[in-house]
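Descriptive structure summary
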Amino acid sequence: MLIPCNYKETAFIFAIFVFKLIEKIMYNHLKMHTFHIPVMGTGYTIDTPARVAHLGISSVISLVDDMLTEKFRELHNRRMGKPFQAISDKIDDFRAKRITAFLNTIDEVVQKKFAELKISIQKKSEDFEKYIETLPDFAELKERFAQAKLSDNWTDFVAKMQENMQRGSIDVNIMTKLDKPNFKDGKRLPDEYNDAHAALRGFANSNLDSSIVFSAGMNPRLYTYIEKFDDFFPDKNGYTKKRIILKVSDYRSAQIQSKFLAKKGIWVSEFRIESGLNCGGHAFASDGILVGQVLEEYKEKREELTAEMKELYFDGLKNTNRNMPSEEPKIRITYQGGVGTAGEHQFLLNNYGIESVGWGTPFLLVPEAVAVDKETLQLLSAAKEDDLYLSEISPLGVLFNNLKNNTRDIEKEKYIQNGTPGYPCTKKYLTLNTEYSGKQLCTASRQYQKIKIAELVLKNLKESEFEKEYQKITVKSCICAGLGSSALISEDLDTRVGGKSVSICPGPNLAYFTKIVPLKTMIDHIYGRVNIITQNDRPNFLIKEAGLYIEYLKNKIQNSELPMNEKVKKGLREFKDNIKSGLEYYSKLFSENNRMFDDKTKTGIQRLAEAHFQLSKINIENSIEPVKTNYCEEVEI
């Protein structure tokens, strides 16, 4: 090591060191956005990576609907001028093969666009300037870019940019519970042909270097199947090509699932925390535990969880004679659900160490980024708070975020009025009910509802009781087709299989976004360069979620059978106590962060006091009067 002989030399060397360090940090930042676009429905983000990944934006594709992936594979092959060979549903393992082919096509589209973007740097084109403009605000980087355009250092700048640019990840999502068994010639096929297993295999066999998001809880059989694919383990160079993201709503779930996988030598690279109620699609509510406390627990126990996972992971690799990773394994903590302002976004990064924030629902108003038809786009932009609600339309029996006056529900009501409730079951992804001699039926299907209504008639109930039970049967909607139809309509593709009516599942956050905007405008909103929210009374996302849980509790009480037994009362008391604990946590958090949680009409403290008051009015022992509910929010089937 050289020892400088005087102060000036020391200062000079130190200055060079600092300059190089800053330069490295700046170029590393260049390749990172601090937001991602979560999965939305089966179709809304079906080709989002092909639209935004070359700009460094990561997004998630649903693997539920292989008929839809086949349509979009054809679309993108046609756009690239490539021949298209359809994969027939008559061949063996067609579902996995369709998914693999589709993902490889999307990867090819992104590679092509990314290569063109890199070339545009040399030409100093508008495309590259637009790319620079979408990045988070690092003033030094933008200044260096402007200076490089006018200086003789452009070649050096280009080389560094091309070396350090990174495209967004083409991630995929599997809802673990959608693992329907399949049959051929009347015989059940092996488990590996189940829907989720086949989707996993489709991803595993693809060219992608990315992550698979597992949502809706643990599926041990599916998780064990991951062991069949080498890409989920370190290769001879210690690199893991395909990674695991767990979508979770509490710490315990993450702990159980990650340890189960680690013992098999499978590393969970990211925990994607999602609000139980302040998100779109299916709503998996917690036991009243508010998301702020969940985030705090992850923050406090992150190192502990990592250490526990590492020990099991390394043992798992040794026990299966796998290669060791070339770098120390790490975990990322990300969040999604109800975030709507740059302040909330930055708060999550700063206070909880979140590495990326999911912006789902707002992107439904960005047709550059998602596949949504014009009619649905107008319905979304006009939505108010009262238009967004938690419904019981999902055949899965899980509460589902819904938007009033969507064309799928309008079609459903016409079927009911015509005396033919239920849908023709054309896609069969939700045929999970086996109460009739083991035959697989979807509860939204006409066949199932006809049987249930016939049974109901034989009960000779009072008219009011009959109507109530009849509504429980007919409320179900064919969302497996409805959530993909908007994407098909937006690209003028064939809708004969699933029909043209549209299901849509935005979260409550949509009520505060009323403008259809370009991609750059939404990114500018995320990073605080513009503000596209015009309403003055939008509450902070944490306060909003607390209100949703209070209304959810009221609804649970209202729907409980009377008289309540002690077990039910105990569960409701615990739910209420958890909300109260969360509000007390927020009181401390809000006092430490001053005006971070204020909106233009009320302070965070005022809204918190209102929430405390609403919760205090709930009397579990005697609360039997009807309660108005208005809860709702982000997106996936």
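Details of the pairing of strand E13 (residues 433-436)
Every regular strand shows the same layout, with side chains that alternate between the two sheet faces. As paired strands, E13 and strand E14 (residues 439-441) are joined by 2 bridges and run antiparallel to one another. Counterpart to Tyr436 in the pairing with E14 is Lys439. Hairpin connection between E13 and E14: a loop of 2 residues separates the two successive antiparallel strands, and Ser437 in this loop has a positive phi of roughly 55°.

Some remarks on empty space enclosed by the protein
Here the largest cavity is characterised by a volume of approximately 80 Å³. Of all the secondary structure elements, the ones that give two or more residues to the lining of the largest cavity are strand E3 (170-175) and helix H8 (195-204). Each residue belonging to the lining of the largest cavity can be placed in one class, and the counts come to 8 nonpolar, 1 polar and 2 charged.

Quick notes on the sheet that holds strand E7 (residues 243-248)
A barrel is described by the order of its strands in space; here 8 strands give the closed sequence E1-E2-E3-E6-E7-E8-E9-E10, paired in parallel fashion. The average angle at which neighbouring strand axes cross in this sheet is 30°, direction not considered. In this sheet, strand E10 (residues 356-358) lies alongside strand E1 (residues 35-37) in parallel orientation, the contact comprising 2 bridges. Opposite Phe35, over in E10, you have Val357 as the bridge partner.

Describing the layout of surface pockets
Taken as a whole, the largest pocket spans an internal volume of roughly 1,600 Å³. Lining the largest pocket are 45 residues, and of these Gln166, Tyr239, Arg243, Ser269 and Arg332 sit closest to its centre. Mapped by element, the contributors of at least two residues to the lining of the largest pocket are E1, strand E2 (58-62), E3, E7, strand E8 (268-274) and helix H11 (291-319). Split by residue class, the lining of the largest pocket holds 16 nonpolar, 15 polar and 14 charged. Estimates place the volume of the second largest pocket at around 1,000 Å³. As for the second largest pocket, its lining consists of 36 residues, and the residues nearest its centre are Met67, Asp89, Phe94, Asn182 and Lys427. Put simply, the parts of the chain that give the lining of the second largest pocket at least two residues each are helix H3 (66-79), helix H4 (94-122), strand E4 (183-184) and H8.

Things to note about the packing of H4 against H8
Contact geometry of H4 with H8 gives a least axis separation of 7 Å together with a crossing angle of 35°. Where H4 crosses over H8, the handedness of that crossing is right-handed. In this structure, H4 uses Arg95, Ala96, Ile99, Thr100 and Leu103 to contact H8, whose residues at the interface are Asp195, Ala198, Ala199, Arg201, Gly202 and Phe203. For the contact of H4 with H8, a count of residues per class yields 6 nonpolar, 2 polar and 3 charged.

Side note on helix H14 (residues 407-417)
At 3.6 residues per turn, the α-helix brings residues three or four places apart onto the same side. Considered for burial, the residues of H14 that qualify are Arg408, Asp409, Lys412 and Ile416. Projected down its long axis, H14 shows its buried positions confined to an angular sector of 95°, all on one face. H14 presents Lys414 and Gln417 as exposed residues on the side facing more than 90 degrees away from its buried surface. The opening residue of H14, the one whose side-chain oxygen lies 3.1 Å from the backbone nitrogen of Arg408, is Asn406. In the stretch just after H14, Gly419 is the one whose phi turns positive, near 80°.

Observations concerning the pattern of salt bridges
By the definition in use, this model includes 40 salt bridges. In this structure, Arg73 and Glu70 form a salt bridge, with 3.0 Å as the shortest nitrogen-oxygen distance. Here Arg73 pairs with Glu70, and both are found in helix H3, just 3 residues apart, close to one helical turn. When its relative accessible area of 9% is taken as the criterion, Glu70 is described as buried. Of the charged contacts, one joins Lys472 and Glu469 as a salt bridge, the two residues approaching to 3.5 Å between their closest N and O atoms. Placement of both Lys472 and Glu469 in helix H16 (residues 463-474) is noted, with a separation of 3 residues, approximately one turn of the helix. Residue Lys472 is classed as partly exposed on the basis of its relative accessible area, which comes to 43%. Residue class for Glu469 comes out partly exposed when judged on its relative accessible area of 30%.

With respect to helix H12 (residues 342-352)
Inspection of H12 places Glu344, His345, Phe347, Leu348, Leu349, Asn351 and Tyr352 among the buried residues, and these make up the whole buried set. After H12 finishes, the residue Gly353 shows a positive phi value of roughly 70°.

Here we look at the nonpolar core
If you look at the biggest cluster of nonpolar residues, it comprises 162 residues, and the most contacted ones within it are Phe128, Leu200, Phe214, Phe232, Ile244, Phe271 and Phe363. Broken down by element, this core gets its largest block of residues, 10 residues, from helix H19 (residues 541-558). In this view, Leu200 contacts Ile174, Ile212, Phe214, Leu222, Tyr225, Ile226, Phe229 and Phe232; residues no more than four positions away in its chain are not counted.

Brief notes about the side chain of Thr474
Note that Thr474 resides in helix H16. Thr474 has contacts with Lys412, Ile416, Pro421, Gln449 and Ile453, leaving out every residue within four places of it along the chain.

What counts as what
- Residues numbered from 1 in each chain as written.
- Predicted model: local features only at pLDDT ≥ 70, side-chain atom pairs only at ≥ 80, totals over all residues.
- Heavy atoms only, no water.
- Pairing = 2+ DSSP bridges.
- Helix = DSSP H or I, 4+ residues; strand = E, 2+ residues; numbered from the N terminus.
- 1 Å grid on protein atoms, 1.4 Å probe; cavity = no way out; pocket = protein on both sides within 12 Å on 5 of 7 lines; lining within 4 Å.
- Points joined across faces, edges and corners; volume = space filled by probe spheres on them.
- Nonpolar A, V, L, I, M, F, W, Y, C, P; charged D, E, K, R; others polar.
- Axes fitted to C-alpha atoms, helices over the stretch in contact; angles between N-to-C directions.
- Left-handed = near helix turned anticlockwise from the far one by under 90°.
- Contact = heavy atoms within 4.5 Å.
- Buried < 20%, exposed > 50% of the residue type's maximum accessible area, 1.4 Å probe, protein only.
- Arc of directions from axis to C-beta.
- Polar contact = N/O pair within 3.5 Å; in protein donor to acceptor, adjacent residues only side chain to side chain.
- Salt bridge = Lys/Arg side-chain N within 4 Å of Asp/Glu carboxyl O.
- Core = buried A, V, L, I, M, F, W, Y, C linked by side-chain atoms within 4.5 Å.

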